[in-house]
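# Architecture at a glance
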Amino acid sequence: MFKRARIAAKSAARRSTFARRVLAALLAASLLPAAASSVEARDPLLAYGARIVGDDARTRIVIDFDREPRFSVHYIANPERIVVDLPATAFGFPAKDLAARGLFKDIRYGKMDEESARIVLTTAGPVKLALAKVQADETGNGHRLVLDAEMIDKKAFAELVKTQSWSDRAEAAQTTSAIPAPQKAAPGDFVIAVDAGHGGIDTGAIGVDTKTEEKQVTLAFAKALTDRLNKEPGIKAFLTREDDEFLSLSQRVLIARQNHAGLFISLHADTLKQKDIRGATVYTISDKASDKLAADLAERENLSDQIAGKETVAEPPEVADILLDLTRRETQAFSISLAESVLNSFKDQVGTINNPHRHAGFRVLQAPDVPSILLEIGFLSNAEDEKLLLDEAWRGKIAGLLTDAVKRYRAAVMANGG
């Protein structure tokens, strides 16, 4: 069953040899640091080839690396996933080479932070890795990671999840100590957390025409908005993420709270099955969705942690209800006020969908003490919206209108003694 994988490995080895020659030439030309050891220490691994073969009983994945990778494997339930953690890795093979098949219904891979990457294999049912090892390439050029998966029963999978040892419990605690704090706000400054949705392994939606990833669109808008807000006296804005990095939903909330944000604005650009729907939408939190569109969007956005293979601990229902109640009582009125201010700024300037202020149970809006909105700037599923989302001038216009909205909101809060 795996003959094709061995044949493809020879072709991949030739690509590895070429990549190494290019690297050597760059070193010789002093375009890269001269010390080979420092290159090894700082540069990410290069995953330059991949292939997948098999059926719904056994499936093999082979990934070619320019040098030997360290890796660890974990299993997560609900839904069943296999998580393969790697050091910093650049994935240089075409996505179609690792398209889901056999035992796997979805395969994602990408950056988690500056020092780590992750492969998340969502399975069609209970699965285990009968083999997971690194082998040297026959030609001596690089190594390959071989993962042989086979079906098992639910009881065996549950035992794997129960008995495994996670070596990265620090990550499970979701510390944000490695995330740089914004420049210190002056006394009296109005602090705003600008959250670029998705990031790293979680690409978000994909553009209908250009195939642009949502995480790129949201980061570009977040940077433009932060720059514009910071031109206003008395306002200090900062980014929850500054590059292509994965942050869990709770990390985003915690970063805002740790930096004493007075507002939290999460930016998104989703896709819909209805390609004709376009325009902006502003969402606030509620334990009951305003409509099916809002409910579906919240469900998708709340799956962000699962997409990245995060081991999440569910809150007891009564705790979740308390958190939502606190949010409603302490901040919901302020969140609604901000949403209305944004829509007033957009009026006659930016297209919006019908009933543009909607609400649902977005986890990223659950800070109990920070007024928060989730702004869908537009839809990547609509060709006209996609063009605007990629237009720098339009991005600047949106940043200006949002800044005006924030200023009006701040003035109203100050007038009421806030």
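Each remark here, short or long, concerns the structure printed above.
Now for a description of the structure that goes with this document. On a predicted model such as this, the values are computed, not experimentally measured, just so you know.

### Topic: the side chain of Arg118
- Along the chain, Arg118 turns up in strand S7 (residues 116-123).
- A distance of 2.6 Å separates the side chain of Arg118 from the side chain of Asp85, its partner in a polar contact.

### Some words on the pairing of strand S13 (residues 280-285)
- In terms of burial, S13 is largely enclosed, as 6 of its 6 residues are buried.
- Burial along S13 is two-sided: Ala280, Val282 and Thr284 facing one way and Thr281, Tyr283 and Ile285 facing the other are all buried.
- Sheet topology note: the S13/strand S14 (residues 352-360) ladder contains 5 bridges and is parallel. The residue bridging Ala280 from the neighbouring strand is Thr352, located in S14.

### Quick look at the sheet that holds strand S8 (residues 127-136)
- With mixed pairing, the 5 strands of this open sheet are ordered in space as S5-S1-S2-S9-S8. In this open sheet, the two edge strands, each paired with only one partner strand, are strand S5 (89-91) and S8. Sheet twist, expressed as the average angle between the axes of neighbouring strands with direction ignored, equals 25°.
- Both strand S1 (residues 45-54) and strand S2 (residues 58-65) contribute to a ladder of 7 bridges, which runs antiparallel.

### What about the pattern of salt bridges?
- All chains considered together, the criterion is met by 23 salt bridges.
- For Asp66, the salt bridge is made with Arg67, and the minimal N-O distance between the two is 3.1 Å.
- Taking the relative accessible area as the measure of exposure, Arg67 reaches 14% and is therefore buried.
- Note that Asp296 and Lys292 form a salt bridge whose closest N and O atoms lie 2.7 Å from each other. With Asp296 and Lys292 both in helix H7 (residues 292-301) and 4 residues apart, this pair spans about one turn of that helix.
- A relative accessible area of 26% places Asp296 in the partly exposed class.
- Residue classification places Lys292 among the exposed residues on the basis of a relative accessible area of 61%.

### Some words on the packing of aromatic side chains
- Going through the model one piece at a time under the given rule, you end up with 7 aromatic pairs.
- Between Phe91 and Tyr109, the ring centres sit 5.0 Å apart and the planes meet at 45°, which makes this aromatic pair tilted. With Phe91 in strand S5 and Tyr109 in strand S6 (residues 104-113), the pair connects residues that are 18 residues apart, well separated along the chain.
- A residue is classified by how much of its surface remains accessible, and Phe91, at 21% relative accessible area, is partly exposed.
- Consider the rings of Phe93 and Tyr109, whose centres lie 5.1 Å apart with planes at 50°: the pair is tilted. Of this pair, Phe93 sits in the loop between S5 and S6 while Tyr109 sits in strand S6; the two residues are 16 residues apart in sequence, bridging distant segments of the chain.
- Through a chain of ring-to-ring contacts, the aromatic side chains of Phe91, Phe93 and Tyr109 assemble into a single cluster.

### Concerning the environment of Arg67
- Position of Arg67 relative to the elements: it lies in the loop between S2 and strand S3 (72-76).
- C-alpha of Arg67 to C-alpha of Ala47: the two residues are 20 residues apart in sequence and 9.0 Å apart in space.
- Among the polar contacts listed, one links the side chain of Arg67 to the backbone oxygen of Asp43, at a separation of 2.6 Å.

### Side note on helix H5 (residues 214-229)
- If you check H5, its first and last C-alpha atoms are 22 Å apart, about what 16 residues at 1.5 Å a residue would give, namely 22 Å.
- All of the buried residues in H5 are Glu214, Lys215, Val217, Thr218, Leu219, Phe221, Ala222, Leu225, Thr226 and Leu229.
- On the buried face of H5, the contacting elements are strand S10 (190-196), strand S11 (235-239), strand S12 (263-268), H7, helix H10 (383-389) and helix H11 (392-415).

### Digging into the packing of H5 against H11
- It is the contact of H5 with H11, at a shortest axis distance of 9 Å, that shows an interaxial angle of 50°. Taken together, the axis directions place H5 and H11 in an arrangement best described as oblique. Here H5 runs over H11; the crossing is right-handed. Within the contact between the two elements, H5 uses Ala220, Phe221, Ala224, Leu225, Arg228 and Leu229 and H11 uses Trp394, Arg395, Ile398, Ala399, Gly400, Leu402, Thr403 and Val406.
- Residues that form the contact of H5 with H11 fall into these classes: 10 nonpolar, 2 polar and 2 charged.

### What to know about the nonpolar core
- Ile192, Val194, Leu267 and Phe346 are the most contacted members of the largest nonpolar core, which totals 40 residues.
- Within the residue set of this core, elements represented by two or more residues are S10, H5, S11, S12, S13, helix H9 (317-346), strand S15 (372-376) and H11.
- No other element matches the 9 residues that H11 contributes to this core.

### Description of the sheet that holds S3
- Taken together, 4 strands build an open sheet; the order of strands is S3-S4-S7-S6 and the sheet is antiparallel. Each edge of the open sheet is held by one strand with a lone partner, namely S3 and S6. Averaged over neighbouring strand pairs, the angle between their axes works out to 20° when direction is ignored.
- Note: S3 against strand S4 (residues 81-87), 5 bridges, orientation antiparallel. The partner of Ser72 across the bridge, within S4, is Asp85.
- Those strands touched by helix H3 (residues 154-163) are S3 and S4, and its axis lies near 120° from that of S3.

Rules used throughout
What you see as residue numbers is a count from 1 along each chain, following the sequence as written. With the structure being a predicted model, the display of local features is reserved for residues of pLDDT at least 70 and the display and counting of side-chain atom pairs for 80 or more, all residues being used for whole-chain, interface and lining totals. The side-chain quantities take in all heavy atoms of the structure and omit both hydrogens and water. Secondary structure follows DSSP: runs of H or I at least 4 residues long count as helices, runs of E at least 2 residues long count as strands, and numbering of each begins at the N terminus. N or O atoms within 3.5 Å of each other form a polar contact, as long as, within protein, one can give a hydrogen and the other can take it, and as long as residues adjacent in sequence are counted only when both atoms are side-chain atoms. Burial here depends on accessible area, computed with a 1.4 Å probe over protein chains only, as a share of the maximum for the residue type. Under 20% is buried, over 50% is exposed, and the range in between is partly exposed. A pair of strands is labelled paired if DSSP reports no fewer than 2 bridges between them. Fitted lines through C-alpha atoms give the axes, limited to the stretch in contact for helices. The angle between two N-to-C directions lies from 0 to 180 degrees. Salt bridges are identified by distance alone: a Lys or Arg side-chain nitrogen within 4 Å of an Asp or Glu carboxyl oxygen. The rule is short: rings of Phe, Tyr and Trp, with Trp giving its six-membered ring, pair when the centres are within 6.5 Å, and they are stacked under 30 degrees, edge-to-face over 60, tilted in between. Here, expected helix span is obtained from the residue count minus one, scaled by 1.5 Å. In what follows, a contact means two residues having at least one pair of non-hydrogen atoms within 4.5 Å. Angle categories: roughly parallel below 35 degrees, roughly antiparallel above 145, roughly perpendicular from 65 to 115, and oblique for all the rest. Handedness of a crossing is defined here by the sense of rotation of the near helix relative to the far one, left-handed for an anticlockwise turn of less than a right angle and right-handed for a clockwise turn. Residues are sorted three ways: Asp, Glu, Lys and Arg are charged, Ala, Val, Leu, Ile, Met, Phe, Trp, Tyr, Cys and Pro are nonpolar, and all the rest, Gly among them, are polar. Take the buried residues of types Ala, Val, Leu, Ile, Met, Phe, Trp, Tyr and Cys, join any two whose side-chain atoms come within 4.5 Å, and each joined set is a nonpolar core.

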